[in-house]
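Observations on the three-dimensional arrangement
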Amino acid sequence: MTANDPESALRAAGPDERSASPDARVDGGGADADPTPDAEREQDGGRDSDGGRDPDDGEGVRAGAFDDPGAHEDDTTLDPAPAHAREPRPPARDGAAHGRDSAAHGRERYPRDEQPADNPNALKVEELILGSERKYTPFQAARAADVPMDLASRFWRAMGFADIGQARVLTEGDVLALRRLAGLVEAGLLNEAMAIQVARSTGQTTARLAEWQVDSFLESLTVSPEPGMSRMEVTYPLVELLLPELEEFLVYVWRRQLAAATGRVVQAADDEEMVDRRLAVGFADLVGFTRLTRRLEEEELGELVEAFETTSADLVAANGGRLIKTLGDEVLFVADDAGTAAEIGLRLIETLSNDETMPQLRVGLAFGAVTTRMGDVFGTTVNLASRLTSIAPKDTVLVDGAVRDEVTAAGEAPESEKESAEGPEPAKGYRFALRPLYQRPVRGLGVIEPWLLSRRD
């Protein structure tokens, strides 16, 4: 066996490395995933975003200025207090103390970035995008929508918006959104928990989309075409032209994706099949990404990650899979059958290995029951795919026994290479080759037998 053989690479690892390596990763959000011991392997909130109690789950919502029904009493436009009932202003002690008091008062009334000195240009762009001007405090908006203040606050937090005290920053559009969401609950089309899930999933998805558009698209187009032009002079007409087009395109893509997802529901045998489905799950991971982050400039690193995510997303979609999430140096995808996932894994390796700017890649595939929720996937199958990726040698695809069984049953790989070689037409009809590697224990999953997947010549 040669030194660069994938099986040699697995066996060459010391006992400590073999036992620790599989558990140095956390899967795409599964509740039973092991915590990573390596701080440098931490990813964004996509992996462990479900840990801990959500403030919007209907219980234990913290009291704040946003959802305090009494907070509106400070708003003199609602119930102005008579002059004799107002507290007299304490005399100023000295200039510095008075300045501190004023600053504290401003922070209390206008939390975070809602200070009175909002940039007028930013307000103009905001009004253009939202289609109406700031008009309501949160209490006034909830009252205008005929929605209880506590429910309105839970909707807003689910959508990802910060508490704003009783600052007058909400618009007619905000009132309409509250009225529509609450109306779905009143009509019995959604229960309250489902409505909050809708708000949360929509908020999370569109927040990422908006950040991407601003960072990667609009910002590059707001460079002044002529000397002396301000950013506002460039941005405002650009947003004015792009907004309706991007809005229409967003609705089109959403409808297309909704049609595809609804089609899968209609074709399912029962509800249980949609919640706990049998899917092929794949992880693709860039090797040595942590070391790479120390060597590359931020802009170079951003370009590399964008290229990796774009290439992966294109290959997954083109070959019949579905991209679940991207995590910088890793992508998580699923497919309805093991053969499709195997093809995606091999194409990822083949494509990226021909790109000299890309690090080496490794892929892990598993097949089995998967719980789907809010566009994410969870369960032992997800964990197993993640562990297989951890132990895969560079530029290889490792699969579990279930993937091997599925592709052999479908006639896409031989039961054994020996049996294939002895047949009258050895390679006819087979797409993949599979070679067993040594069994190994993985904490939490028992003993697994990985298979090395390759394409038949």
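This text follows the structure it describes.
What this report covers is the structure whose coordinates are included nearby. What you see as residue numbers is a count from 1 along each chain, following the sequence as written. For a predicted model such as this one, the threshold for reporting local features is a pLDDT of at least 70, and the threshold for listing and counting side-chain atom pairs is 80 or more; totals across whole chains, interfaces and linings nevertheless cover every residue. Derived side-chain values reflect all non-hydrogen atoms in the structure, with water molecules and hydrogen atoms excluded from consideration.

Note on definitions: salt bridges are taken to be side-chain nitrogens of Lys or Arg within 4 Å of carboxyl oxygens of Asp or Glu. The tally for this structure, following the rule as stated, stands at 15 salt bridges. For the salt bridge of glutamate 126 with arginine 134, the shortest nitrogen-to-oxygen distance reads 2.9 Å. A 1.4 Å probe rolled over the protein chains alone gives each residue an accessible area, and that area as a share of the maximum for its type sets the label: buried under 20%, exposed over 50%, partly exposed in between. According to the relative accessible area criterion, glutamate 126 is partly exposed, its value standing at 25%. The exposure class of arginine 134 is partly exposed, given its relative accessible area of 25%. One salt bridge connects glutamate 343 with arginine 431, and the closest N-O pair in it is separated by 2.9 Å. Residue glutamate 343 is found in helix H13 (residues 338-353), and its partner arginine 431 is found in the loop between helix H16 (417-422) and strand E7 (432-436); the two are separated by 88 residues along the sequence. Note on glutamate 343: relative accessible area 8%, which makes it buried. Here a strand is any run of E in DSSP of at least two residues, a helix any run of H or I of at least four, and the numbering for each starts at the N terminus.

We now examine the pairing of strand E3 (residues 330-335). Of all six residues in E3, six are buried; the element is thus mostly enclosed. Judged by which residues are buried, E3 turns out to be covered on both faces: Glu330, Leu332 and Val334 on one side and Val331, Phe333 and Ala335 on the other are all buried. Sheet analysis places strand E2 (residues 322-326) next to E3, joined by four bridges and oriented antiparallel. When the bridges of E3 are listed, leucine 323 appears paired with phenylalanine 333. By the convention used here, strands pair only if DSSP detects at least 2 bridges between them. In textbook terms, the turn of a hairpin is the stretch between consecutive antiparallel strands, and for E2 and E3 this stretch comprises three residues, one of which, glycine 328, has a positive phi near 80°.

Turning to the pairing of strand E4 (residues 361-373), a few remarks are in order. The side chains of a regular strand alternate, residue by residue, between the two faces of the sheet. Of the strand pairs in this sheet, E4 and strand E6 (residues 397-399) are connected by three bridges, and their pairing is parallel. When the sheet's bridge partners are listed, leucine 365 is paired in E6 with valine 399. Across three bridges, the pairing between E4 and strand E5 (residues 376-378) is antiparallel. Among the inter-strand pairings, threonine 371 is bridged to a residue of E5, identified as phenylalanine 378. Between E4 and the antiparallel strand that follows it, E5, lie two residues; methionine 374 among them carries a positive phi value of about 50°.

Centre distance within 6.5 Å is the pairing criterion for rings of Phe, Tyr and Trp, where only the six-membered ring of Trp is used; planes under 30 degrees apart are then read as stacked, over 60 as edge-to-face, and the remainder as tilted. Counted according to the given criterion, the structure contains two aromatic pairs. Ring plane angle 45° and centroid distance 4.7 Å describe the contact between tryptophan 156 and phenylalanine 161, whose orientation is recorded as tilted. When its relative accessible area of 41% is taken as the criterion, phenylalanine 161 is described as partly exposed.

What we call a nonpolar core is a set of buried Ala, Val, Leu, Ile, Met, Phe, Trp, Tyr and Cys residues that are connected through their side-chain atoms within 4.5 Å. Membership of the largest hydrophobic core comes to 36 residues, with the highest contact counts inside it found for Leu361, Leu365, Val397, Val399 and Leu453. No other element matches the eight residues that H13 contributes to this core. Discounting chain neighbours no more than four positions away, the residues touching leucine 361 are Ala284, Asp285, Leu286, Val287, Phe308, Leu348, Ile349, Leu352, Lys394, Asp395 and Thr396. Residues Phe139, Ala141, Val169 and Leu170 belong to the second largest nonpolar core, which totals 24 residues. Contacts are residue-level and defined by heavy atoms, with any inter-residue pair within 4.5 Å sufficient.

Honestly, that's just the spatial picture; any functional story needs more than this.
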